[in-house]
Amino acid sequence: MNKCVGFLLINLLILSSFTYAQSKITAYVPKSAVPYLYKNNNTIYEGFITDFLNELFQESVAIELYSDSLEINKMNSVLVFIPESAMPANYRFIPLPHDIDYMVFKRTNTQLNSLADLYSSKIIVQKDDLVYQSLYRSKASYIFTVPSYAKALELLSSGINDCAIIPYFIGNEYIRQNKIKNIDFIDTPFLSVKFGLAISNQEVALIKKAEERIKLLVENNSFRNLEKKYFIDQPFRKTVKWAHTEFYVFVIGILVLIIIILWIWNRFLLKEMELSTKEYINEINNQNFSPLIIDFNNPLIKKVLKQIPVWLFVNNASGKIELVSDEFLEFAIKEDVTPDNLFLNSIFEPVFAAQLTSLDEKLLNQSTQLVFEEVSFSIKSSLYKKWMIKYPLKIVGHNETLILSFLLNPTIEGDMHFKSMAPELLFRSLVDALPDLIFFKNTKSQYLGANKALLDFNGKTESDMIGKTDHELFDKEKADNYLASDEIVFNEGLRWEVMEWDESITGEKIRFKHIKIPLHDHKNKVFGLVGISYNITNHYLHELELQKSKEKAEESDRIKLSFLANMSHEIRTPMNSIIGFSDLLVDTDLTIDQRVEIIDMIQSNGHILIDIIDDIIDFSRIESGQIHLKHTDFNLNSIIKDSFLYANSKKNQLGKEQLNISYTIGSIEDEFNLHSDPYRLKQVIKNLINSSIRFFTAESLFIGYLIREDNLFFYLKNDNNILSESLIRKLMKDDSILQINFSEIEESAGIGLIIAKNIIEMLGGKLWSDESVHGKPDYYFNIPFKRVVSKAYLTPADSIYDTPDWNGKTILIAEDEITNYILLQSILSKTHAVILRAENGEEAVTLYEEHPEIDLILMDIRMPVMNGIDASKKIMSINRSVIIIAQTAYAMPEDKDLYVSIGIKGVLAKPIDPGELFYLCNKSLKSKSV
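Every residue gets a number counted from 1 within its own chain, in the order that chain's sequence is written. Only residues with pLDDT of at least 70 are given local features in this predicted model, and only at 80 or more are side-chain atom pairs given and counted; all residues enter the totals for whole chains, interfaces and linings. To obtain the side-chain values, all non-hydrogen atoms of the structure were used and water was disregarded.

> Got a sec to walk through the pairing of strand β28 (residues 711-717)? Specific residues and values, please.
Of all 7 residues making up β28, 6 are buried, and the element is well covered by its neighbours. Sheet topology note: the strand β27 (residues 700-708)/β28 ladder contains 7 bridges and is antiparallel. The residue bridging I703 from the neighbouring strand is L716, located in β28. Strand pairing is assigned whenever DSSP detects at least two bridges linking the two strands. Helix numbers and strand numbers start at the N terminus; a helix is a DSSP run of H or I with at least 4 residues, a strand a run of E with at least 2. Hairpin connection between β27 and β28: a loop of 2 residues separates the two successive antiparallel strands, and E709 in this loop has a positive phi of roughly 50°. Relative to strand β30 (residues 776-783), β28 runs antiparallel, the two sharing 5 bridges. Across the sheet, L712 pairs through a bridge with I783, a residue of β30. Exposure classes here rest on a 1.4 Å probe applied to the protein chains alone. A residue is buried below 20% of its type maximum, exposed above 50%, and partly exposed in between.

> How would you explain the packing of helix α22 (residues 636-653) against helix α23 (residues 678-695) if you had to name every residue and give the values?
Throughout, an axis means a line fitted to C-alpha atoms (over the contacting stretch in the case of helices), and angles, computed between N-to-C directions, take values from 0 to 180 degrees. Close contact between α22 and α23 brings their axes to 10 Å; oriented N to C, the two are set at 35°. With respect to the hand of their crossing, α22 and α23 are arranged in right-handed fashion. Residues L636, I639, I640, D642, S643, Y646, A647, K650 and K651 of α22 form the contact with α23, whose own contacting residues are P678, L681, K682, I685, K686, I689, N690 and I693. Its residues placed into classes, the contact of α22 with α23 shows 10 nonpolar, 2 polar and 5 charged. Handedness of each helix crossing follows the sense of rotation of the near helix against the far helix: counterclockwise by less than a right angle gives left-handed, clockwise gives right-handed. Should any heavy atoms of two residues lie within 4.5 Å, those residues are considered in contact. Under the scheme applied here, ten amino acids are nonpolar (Ala, Val, Leu, Ile, Met, Phe, Trp, Tyr, Cys and Pro), four are charged (Asp, Glu, Lys and Arg), and all others, including Gly, are polar.

> Kindly report on the pattern of salt bridges, identifying the contributing residues and their values.
One speaks of a salt bridge when a side-chain nitrogen belonging to Lys or Arg is within 4 Å of a carboxyl oxygen belonging to Asp or Glu. Taken as a whole and assessed by the stated rule, the structure comprises 19 salt bridges. Across the pair K476 and D480 runs a salt bridge whose closest N-O atoms are separated by 2.8 Å. With K476 and D480 both in helix α19 (residues 476-492), this residue pair falls 4 residues apart, about one helical turn. Accessibility expressed as a relative area gives 29% for D480, which makes it partly exposed. The salt bridge partner of K717 is D778, with a shortest N-O separation of 3.9 Å. Taken together, the residues span a long stretch of sequence, with K717 in strand β28 and D778 in strand β30 at a distance of 61 residues. Of the two residues, K717 and D778, both sit in the buried class.

> I'd like to hear about the packing of helix α2 (residues 48-57) against helix α6 (residues 204-219), residue by residue, with values.
Between α2 and α6, the least distance of the axes is 9 Å, while the angle of their chain directions is 110°. One finds that α2 runs roughly perpendicular with respect to α6. On α6, the residues touching F52, E55, L56 and F57 of α2 are L206, K209, A210, R213, I214 and L217. These descriptions rest on fixed angle ranges, namely under 35 degrees for roughly parallel, over 145 for roughly antiparallel, 65 to 115 for roughly perpendicular, and the rest for oblique.

And the structure:
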């Protein structure tokens, strides 16, 4: 039965089965069950298991051995001697009151003194044993597996490796039978495991019988007597040697010291609620304790005191330091080795050193007194606040009394619970708290551990992953990639990292930065790896946005530079004509026809210059994001007709009278009403017309629109061919025809095309260009198609109006620029109206107060002293019905909305067209007379 415990514990597979069939019970036991089961004369099974089963069932039990590869679940109604951790599914585990101690067997000349030395030793274990699993999880450096316990001891005895870990009774039996003299063992068990019976859940009666009989055997000491027969009578421990005695004395001494410290600390914490700190310290200091007596010359004791993880120092009556802990040496004295002739006053400041000396004298004079105080001190300019415990220390074989001192960090809320956690539990808690995916693997690429984030990401439990490889957990492609990177880490011993997308169990796409780091032992040998996957999705997307913004900014800067260079040429060309032709007008020999032709040239280039200036303003507003859309209802057909009139006017201005221009209405309705921004739509079409007329060599220009499948397409073509359905389908696919390229725009079509492209995209559409014949491009663009029932649309103002007769009317011109005033005065003088002038807003208000007969005010917006907006508000506060028409170079839709909102009746954009001036003023004056 203990064999199972031993071998079964060693091999989670050491399972045995007992089958209850009819009146006969058969017990299945592992083959390597010695000394729990053996054959007498190779014929009859005898031993602990046989006697126990016979007493348990009170009848003879048939025993059959099975190999490790036998599948227990295929047996029917069986009893198996196994540890609980190896119990098959659908079986009831019945524990037995017997422990199997796995001991560390070593050769007598091996320097193996404690379990702590195991992890730097070469260990022999039985393959797949429980000990092997425990060592593997603890990441022991050297593990050599063998098929049996006997083989382990045989190799150990012959000088192979440092130790073997096997069940004590199995090892002891093997040593006794083979009379081996050179093997010893460490007294502390490496592992103690309980084992029991496993009975199929279907055998309810058999389970009940076994449980009752085991309870009875324990109560009447039958089980105890059986243990004594096979185990207790054999020497369970070897004769204790003096080295062991020294160790026990040392351990007991340290335990006493720890118990005293913990007792004091516990008393202090409990009493804090009842007494003040100072009162309780006084109480502790008045209590007596016996001095601690240890063998200070024992190197093992010195080693433990030096390696204790607290600030510890031992000094004599004169203040000379005899011993310091490594912790105190490193973090307080800040030296690698203990300096010679080290004294208290060479470590601490004089005041605190004197305080320590005074306390030491009290301890030496009253040898049973304890000191426990909260102290503050400085070492090498660093300030510390600690709890100090001082205790008298006796040295074996010496009369001198030393002082043992501890300096501990003060306890804060939560600190005691935090420190009470086992390092493994603390480490696991910290790892599970991290949002990154973390896992550990051995050199076989088997998972040894994973944090909660990784388990949640893959939708698995820890038991699903531990001991498995990637091929057992993931698809082949993913597993191959994982294992390839593992090989790099194991073979090269280098850090590996990569960034890639991965998909969680929920289908969420996440971009990770995967890192794998090799784990090295004290001999720099790789024994595993740790993998960490950082979620960098947000960072990655942010980088993409930054990259796009950078590219956009670089493209914008490039366009601006090219734009500025082109604008110098664009502006100088019309200005050269204007200035040159103006100089020619001075020539008195020119005929009337020549003068008219020169004036036409000046006007044409002046309009070109105005277009360039408008483009510059719009471009800067687009760059700064200041262009805003204003959606309203309008008649699309009127926009197309107005664009046609504009195209004819523009061709005459540019001297291209031979250009044929026509338009096509895509709707049979006279009023095709849409909801969008009519001003910006007109601006787009006009910019495309300007580009087509000004920069290219077309003989004809066809303007129009058509409707297809709820899509509204506009076109400016060089021929009157109807847009084919295949072309429309290509346009609807959005990517079949190259969209406008900025570099082409800059060199060939002017900045107006850039403005048109941006406005179209603001309206929700796209702009395409198809230049099948060089120098004759066709333009297409679309906007969202939203019909409305409303018939409200823009009515274009008449561009030409006969000069009106305003005899008896008084007009105030508020204009600070004398040239602008002279121009307006010249235009209005033909109307026979009385003209007054104000040079700023404040003067305009004064003149209106002095001349209430003023019928109309032409108000410049930008003026010194007081601007046109404020002047208009003051004048309207005098007479709300006054007619004020703004004249300004800022005539954007949002500007016009502002002017109208304060009561201004109309807006004229500079340079002022006489026809528009007469039309707007006459309309307002007629409205006033009515």
